[in-house]
Structures are given as structure tokens and as C-alpha cells.
Amino acid sequence: MSRNAESTAFRSALEVIRAVEPRVADAIGAELVDQRESLKLIASENYASPATLLAMGNWFSDKYAEGTVGRRFYAGCQNVDTVEALAAEHARELFGAAHAYAQPHSGIDANLVAFWAILADRVEAPALRRAQARHVNDLTEQDWFALRRELGDQRMLGMSLDAGGHLTHGFRPNISGKMFDQRSYGTDPASGLVDYDKVAEAAREFRPLVLVAGYSAYPRKVNFRIMREIADSVGATFMVDMAHFAGLVAGKVFTGDFDPVPHAHIVTTTTHKSLRGPRGGLVLCGPELADQVDRGCPMVLGGPLPHVMAAKAVALAEARRPDFADYAQRIVDNAQALAEGLLRRGATLVTGGTDNHLVLIDVTGYGLTGRQAEQALLDSGIVTNRNAVPQDPNGAWYTSGIRIGTPALTTRGLGVAEMDSTAELIHTVLSQTTAGANPDGTASKAKYVLDPALADKVGHQATELLAGFPLYPGVDLG
Ligand SMILES: *Cc1c(COP(=O)(O)O)cnc(C)c1O
């Protein structure tokens, strides 16, 4: 691909936008500058390829395509069918799944599709059979109330939030916490690792309809074979939300017991995190759940986004190329180098290290809250996010952790040597930051003191570190 083509494409696009609303064109340009200049360690972010980005900026956005491939509620969907079928095919081949559904607009939407597919399969269908009805519309009023009660009375067992689980796994701030009666499993307080015996015990006591594995802030592998055995032992449907680590599955870093696809009844993911695609979601499942999953739109989702499905097809095609496996391995090598660099300098890490793409620093060792650490790092040009640690003494808002991840920097080309430099920058900022005080003299969980000259110096070092690894090297906006 000629670099010239990328520059021309983005320059021309901005010129067309500028003619209508120049402030939008300016913001798009400014975002590129910001992304180029910041050391992005947000574990859930990445940089999609120019081809993926460009596949989204076109008239596919103009098309309504409710339904699924070949079965649309709208006429004229032949080209949407082409890209949706391609996205699904690439997803099936990439992950070795029997069925793929490429429509979910985000990871949360993919989870909602999966939850309703499971409820429909496990609750609604048997209720319909009992009522000898073919469709909910055929139910008597009495049947319908019985069904509603059953739907609202199902249980979900998922990973606790402070152990790294996700809000959509049955927690109150998300609708899943209202759809399901939820209980969660944590991690072992000493090792920080998932304790499978405890999960099995919780499953035996709670008898969930759905067992969920997957996380946003757990720095280790999960053994999905064992989790499936636990699900089977209580007759639960086993769902894995691989939103964070889909790239490591795609790149065959997580194989065997650690590849969720052969073990789970249903797998959901985002496409924009380690998978490096457009912002969106994906559901994978076996033939048993395929029909229910395909009802995602209009059961749960609004009309599909054909332009994003086009971009998913492009990104998934990229992930099937051999160099994606190298990329996935480098993500983990980098995370481990970053962890080692931090440990060597005296940082405390949850579980003592990592075997995936993320590292969770317990910043109480630096005398800080997660919020103070996050802001001090941001002042120094290092973008991270605060995150709870297991049994967090500072709660979910201030937190005691900083979550850092390597997918984005690895896309830029940074390697293990640069990870050591990154660890040095992070450690310098955290060890030089002190907790601030409230006006009444009590300790603040938000205020902090960091010499602006030091923040500046680290910021420059971060920019220098990045200078050798240009972001979107083929894009020169002039
Ligand atoms: C990021 C994430 C999601 C949500 O993805 P969105 O695209 O933001 O809706 C769901 N589950 C897990 C485990 C995640 O990490």
C-alpha cells in the first residue's frame, strides 16, 4: 500500500468535511495529534488500520438492514449481505466457531444478544413447549405471566467486579443485574488467582442458569476447560466474554484450555480492543444457539451498522494473516517486560505479574489512590486508567489500582526495551507523587502533589520514546 494513498484518502476526507463544518475536521485532525503524542497504556484501546478506518466512512451507513443475511426486513440489502457474510465467515475461520453474528454495535450489545439467546433457549422455549404454543404471541395471558416470572427469576454466576469482572456480568449499574439474580466469584486473596474450587462450590450452592467467564482487569489466563466442567456439573450454560483478550485468542497465544471457543456454549467479544478492529461487537456460538443469536436485531439491537460490519470484515481478514500471530505474541511479551520492569523498581502488582496483555499496579504501595496515580500519570503524558484491585480499600470510584495494557503500544511497534523505559517513567511519576490534603487537613483521595517540572520532563521523555514509532506512519495531514 502506498503511503501516499493513505495520506490522500484522509486529507481528501477532511477537505470534504471542512467545507461543511470545519470544527469537526479540526477535531479529527487534533485527535490524531493527541493520539500520536500520548503514551497510550489503556488496556482496552488500540489503533485500527487505515483500511479498517476507511471501510467505515461511506454510504453503507445509509442502509437499513434489519434481519440477517438473506432474510432482511428491507429490500436492496445484497451488498450489506456481502459484507456481513464476509465478516461472519472471517470470524468463524479465525476463531474456529460454528456460527458468528457480526451485528452487535458494541461489547455490551453482544452480551445482551447472548443473554437473550440463552434465556430464550433455556427458559422461553421450554415454557412455550409447556404451553404448547409456537410463539409468545400464542400464549394465553396466564402463560405469559408465568413466562415473565421465569425470565425474571434466572441466575447468573460471574466474576466479581473487584477481581476484574465486567459490569455486564450481572451487576446493578447494568441491565444484566436486573435481568438476572447474580452472584459472583472472586479470586484467592493470597495469590490473586481464580480459585476453581471456590467457583465450583459457588455453582453448586447457587445453581446458576448461566456461568460467565471473562474480565476487563484480570492479568492472568483463565482455564476454560475447567470452567466448562463446572458449568456442566450444574447444568449451566457457559458463556465467555473475551472482549479484552480476543486478539490473544485470534493470534493463537491462548490455545487449548485457554481458548474459550471450543469450551463455551457462547462467546462474546468487542472488536476494537486487542482484536484491533472497528468499535463493535461479535457473538460466536454452536449451532444450538445460532437461531436465537441471529434474532439479536430487532430483539435487542437497533438496525445493523453495515459500514462497521464492512470494517469488521477488513479487520478480521487482517487478523487471519500470519503477522497477527506475531503481533499477539508481542503484546504478551511487552506486558511481561513492563511487569518485570515495574517489579524490579519496587512496584506491587496484583498476582505478581501477567500472562496476558494487562498489568494491574497496586498503587497503595506508593501511598496513592488509583485516582491520584491516574491523574499524576496523565499530567506526565502517560494515559492509563484507575481500576479497583481485589478487596479494594478505596472503593470503585477512587480505587487503589492502575490498569495498564500493551495492545496499543505494540501496534505502534514498541518492544521490550521500550517497555523497560515505560516502566521507568511510570515508576518515576508514581514514586515522586504524594497524596494531597483536604482544606481541613485530612488526607484527600483525589488531590496529589507532583512537581510540574518533573511531569514536564517525563512528558518529554514519553514523546521522545514514541518518536521512533510513528502512529499511522502513512498518514501525513500536511
Ligand atoms: C469492554 C468490555 C465490554 C464492553 O464493550 P463496549 O464495546 O464498551 O460495549 C464488555 N465486556 C468486557 C469484558 C469488556 O472488557
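Located above this text is the structure these notes cover.
All values derive from a computational prediction rather than experimental measurement.

Here is what the cut-offs are and how they apply
Residues numbered from 1 in each chain as written. Predicted model: local features only at pLDDT ≥ 70, side-chain atom pairs only at ≥ 80, totals over all residues. Heavy atoms only, no water. Helix = DSSP H or I, 4+ residues; strand = E, 2+ residues; numbered from the N terminus. Buried < 20%, exposed > 50% of the residue type's maximum accessible area, 1.4 Å probe, protein only. Contact = heavy atoms within 4.5 Å. Areas by Shrake-Rupley, 256 points an atom, 1.4 Å probe, with all protein chains shown as cover. Axes fitted to C-alpha atoms, helices over the stretch in contact; angles between N-to-C directions. Parallel < 35°, antiparallel > 145°, perpendicular 65-115°, else oblique. Left-handed = near helix turned anticlockwise from the far one by under 90°. Nonpolar A, V, L, I, M, F, W, Y, C, P; charged D, E, K, R; others polar. Phe/Tyr/Trp six-rings, centres within 6.5 Å; stacked < 30°, edge-to-face > 60°. Lys NZ or Arg CZ within 6 Å of the ring centre and 35° of its normal.

Student: Talk me through the overall build of the protein chain; I want residue IDs and the actual numbers.
Tutor: Helices and strands together make up the secondary structure of the protein chain, namely 19 helices and 16 strands. Overall, the C-alpha framework of the protein chain stretches about 75 × 55 × 45 Å when taken along its three principal axes. Counting all 478 residues of the protein chain, 55% fall into the buried class. In the protein chain, the proportion of contacts linking residues at least 24 apart, taken out of those at least 6 apart, comes to 74%. As presented, the protein chain carries roughly 20,700 Å² of accessible surface, and 52% of it is formed by carbon and sulfur atoms.

Student: Explain the environment of V300 to me, and be specific about the residues and the numbers.
Tutor: Among the secondary structure elements, V300 is positioned in the loop between α12 (296–299) and α13 (306–319). Judged by its relative accessible area of 26%, V300 is partly exposed. A C-alpha to C-alpha distance of 7.7 Å links V300 and D109, two positions 191 residues apart in sequence. Discounting residues that sit within four places of it in the chain, V300 has contacts with L112, V113 and W116.

Student: Just give me the short version of the packing of helix α15 (residues 370–379) against helix α18 (residues 416–432), but keep the residues and values in it.
Tutor: Between α15 and α18, the shortest axis-to-axis distance is 10 Å and the interhelical angle comes to 120°. Accordingly, the angle class assigned to the pair α15 and α18 is oblique. At the point where α15 passes α18, the crossing takes the right-handed sense. Here A373, A376 and L377 of α15 come into contact with α18, specifically with I426, V429 and L430. In terms of residue class, the contact of α15 with α18 is made up of 6 nonpolar, no polar and no charged.

Student: Outline the packing of aromatic side chains, listing residues and values.
Tutor: Evaluation of the coordinates by the stated rule reveals 8 aromatic pairs. Where Y215 meets F245, the ring centres are 5.0 Å apart and the plane angle is 25°; that geometry is what we call stacked. On the criterion of sequence distance, the pair formed by Y215 in the loop between β7 (210–214) and α9 (224–233) and F245 in the loop between β8 (237–241) and α10 (246–250) is long-range, its members being 30 residues apart. Using a relative accessible area of 2% as the deciding quantity, one classes Y215 as buried. Between the NZ or CZ atom of R155 and the centre of the ring of F206, over which it lies, the distance is 5.2 Å.

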